Amino acid sequence: MKKILLSLMAVLSATAVMAEGKQSSTRHERNYIVEGNKLYHEERYSEAEVAYRKALEENAMNEIAQFNLAASLLRQGSASGETQNEASTILQNLARDAENIAIAEKSFYNLGNIAFNSQDYAKSIELYKNALRRNPDNDDARENLRLAQKRLQEQQNQDQNQDQNQQNQDQDKKDQDKQNNDQNNDQNQNQDKKDDQKDQQQQQQPQNQDQKQQPQNQQQGGISKQNAEKILKAMENEENATRARINAEKKKNGAPSRRPVTNPW
C-alpha cells in the first residue's frame, strides 16, 4: 500500500494505450514518448519531462504524452509547488475529457493518491470511486478506497475529540471566570457594608456629642422655662408691693381730705 501511495503513477506505454483507444500517432510522437519512458524509469524525471513536451509539440492532443508529462512533473513536485499544480491540472482535464477510458481511470486514481497524501481523505474517496466506476477491476483503487475511508473516520473522531476538549476547556474557563466574579462581588458587598457602617457611626457621633453637650450647656448658663416663670412671678409680686406702698404713702401725706356737707337751712 505504501508503495502504491508513494509511487503516484507509472508512465503509460504509447503503443498499448493507443491500440486500446484506437488513436493514431506519428513516428516522432512515439519516439519521444518511448525516450521519455526510458528516462522516467531511470529516474531522470526532468529529462523525461523534456521528451514528453517534445511529443506534445508534435501533437498537443496526445493523451498519453499528457498523462506521462503529469507523471514526470509529480516526481519533481517536491522541488516546486508549480510542477504539482500543473500536473494536477493535466490530470483533471484528462479525467474529465479523455477519450481513452483507461487514461481517465488512471487520472482519477492518481488524483485520488494526490488527495490522500494531502490528507484530504473525503476528496480521495470520491476520486477512487470514479476510478472504480471506469474500471471495477482496479484492485489498487479499491484497496486505497478502504484505507481512505478508515483514515477519514479516524480524522473525524480526532476532530470530534478536539472539539469536545475545546468545549470542556471553554466551559472550565467560564466556570472559573464566574467563580472569580462571584468572589469579587462578595468582596465588594462586604466592603460596601463596612463603608455603610462606618458612615452611620460617623453620622451618629455628632448627635451623641450634641446630646452630651445639652445638659452641660443647661448647667453652665442656660435657664429652664419653669425657673424663668418663677423669676417673672417674683418680680411682678415685688413690683405690685412697691406700687401699693407708694400709693399708701401718698394718701397719708399729700392727698386733701373731703369737706363735710353743710346742713340745709
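Peer 1: Could you give me a rundown of the overall build of the protein, with the residues and numbers involved?
Peer 2: When its secondary structure is counted, the protein shows 10 helices and zero strands. Reading the helices (α) and strands (β) of the protein from amino to carboxyl end gives α-α-α-α-α-α-α-α-α-α. Residue burial in the protein is summarised as follows: out of 265 residues, 28% are buried. Counting every atom, the protein has about 19,400 Å² of accessible surface; 44% of that belongs to carbon and sulfur.

Peer 1: Pulling in residues and values, what's your account of the pattern of salt bridges?
Peer 2: The full count for this structure, using the stated rule, is nine salt bridges. Between K173 and D177 there is a salt bridge, and its shortest N-O distance comes to 3.2 Å. On the criterion of helical spacing, the pair formed by K173 and D177 is a turn pair, its members being four residues apart in helix 9 (residues 139-220). A salt bridge links E239 to R243, with the shortest nitrogen-to-oxygen separation between them at 3.1 Å. Pair noted here: E239 and R243 are both in helix 10 (residues 225-253), with a separation of four residues, about one helical turn.

Peer 1: Describe helix 5 (residues 63-75), and please don't skip the residues or the numbers.
Peer 2: Given a rise of 1.5 Å per residue, 13 residues ought to cover 18 Å, and the 19 Å separating the end C-alpha atoms of helix 5 matches this to within 8%. Listing the buried residues of helix 5 in full gives E63, I64, A65, Q66, F67, N68, L69, A70, A71, S72, L73 and L74. Structurally, the start of helix 5 carries an N-cap: the backbone nitrogen of I64 is 3.0 Å from a side-chain oxygen of N62.

Peer 1: Pulling in residues and values, what's your account of a nonpolar patch on the surface?
Peer 2: Residues I231, L232 and M235 make up a contiguous nonpolar surface patch of roughly 310 Å² in combined accessible area. On the secondary structure map, M235 appears in helix 10. Accessibility expressed as a relative area gives 51% for M235, which makes it exposed.

Peer 1: Provide a residue-level description of the packing of helix 5 against helix 7 (residues 101-117), including the pertinent values.
Peer 2: Where helix 5 contacts helix 7, the axes come no closer than 11 Å and their chain directions differ by 15°. Judged by the inter-axis angle, helix 5 sits roughly parallel to helix 7. The element helix 5 and its partner helix 7 pack so that their crossing is left-handed. Contacts between helix 5 and helix 7 involve E63, I64, F67 and L74 on the former and, on the latter, I103, K106, S107, N110 and I114.

Peer 1: How would you sum up the confidence of the model for the protein? Please name residues and give values.
Peer 2: Overall, the prediction assigns the protein a mean pLDDT of 80, with 75% of residues at 70 or greater. In the model of the protein, helix 1 (residues 2-6) stands out as the element of lowest mean pLDDT, 40, in contrast to helix 8 (residues 121-134), which has the highest, 97. Across residues 1-7 the pLDDT falls below 50, and counting only partners more than four positions away or on other chains, this stretch makes 16 contacts in the model. Taken as a whole, residues 255-265 scores under 50 in pLDDT and shows one contact with residues more than four places along the chain or in a different chain.

Peer 1: Which residues make up a negative patch on the surface, and what are the values?
Peer 2: A contiguous patch of negative charge, built from D192, D195, D196 and D199, is present on the exposed surface. Secondary-structure assignment places D195 in helix 9.

Peer 1: Tell me about the packing of aromatic side chains, and name the residues and values.
Peer 2: Per the counting criterion, the structure on display carries three aromatic pairs. For the ring pair Y109 and Y128, a centre distance of 6.1 Å and an interplane angle of 45° mean the geometry is tilted. Of this pair, Y109 sits in helix 7 while Y128 is found in helix 8, placing the two residues 19 residues apart along the sequence. You can call Y109 buried: its relative accessible area is 9%. Here Y128 falls in the buried class, since its relative accessible area comes to 0%. For the pair F116 and Y121, a centre-to-centre distance of 5.2 Å together with 70° between the ring planes defines the contact as edge-to-face. Accessibility assignment for this pair places F116 and Y121 in one class, buried.

Peer 1: Explain unusual backbone geometry to me, using residue names and the numbers behind them.
Peer 2: One non-glycine residue, E43, adopts positive backbone phi at about 65°. Mapping E43 onto the fold places it in the loop between helix 3 (27-41) and helix 4 (45-58). The exposed category is assigned to E43, whose relative accessible area is 59%. Positive phi, normally seen in glycine, also occurs at Q119, with a value near 65°. With respect to the helices, strands and loops of the structure, Q119 is situated in the loop between helix 7 and helix 8.

Peer 1: So what about the nonpolar core? Which residues, and what values?
Peer 2: Residues Y40 and L91 are the most contacted members of the largest nonpolar core, which totals 42 residues. Counting only elements with at least two residues in this core, the list comes to helix 3, helix 4, helix 5, helix 6 (81-97), helix 7, helix 8 and helix 9.

Conventions we followed
Residues numbered from 1 in each chain as written. Predicted model: local features only at pLDDT ≥ 70, side-chain atom pairs only at ≥ 80, totals over all residues. Heavy atoms only, no water. Helix = DSSP H or I, 4+ residues; strand = E, 2+ residues; numbered from the N terminus. Buried < 20%, exposed > 50% of the residue type's maximum accessible area, 1.4 Å probe, protein only. Areas by Shrake-Rupley, 256 points an atom, 1.4 Å probe, with all protein chains shown as cover. Salt bridge = Lys/Arg side-chain N within 4 Å of Asp/Glu carboxyl O. Expected span 1.5 Å × (residues − 1). Polar contact = N/O pair within 3.5 Å; in protein donor to acceptor, adjacent residues only side chain to side chain. Patch = residues over 30% accessible without salt bridge, like charges linked within 9 Å, V, L, I, M, F, W, Y side chains within 5 Å. Axes fitted to C-alpha atoms, helices over the stretch in contact; angles between N-to-C directions. Parallel < 35°, antiparallel > 145°, perpendicular 65-115°, else oblique. Left-handed = near helix turned anticlockwise from the far one by under 90°. Contact = heavy atoms within 4.5 Å. pLDDT = per-residue confidence, 0-100. Lys, Arg positive; Asp, Glu negative; His and termini not counted. Charge placed at Lys NZ, Arg CZ, Asp CG, Glu CD. Phe/Tyr/Trp six-rings, centres within 6.5 Å; stacked < 30°, edge-to-face > 60°. Core = buried A, V, L, I, M, F, W, Y, C linked by side-chain atoms within 4.5 Å.

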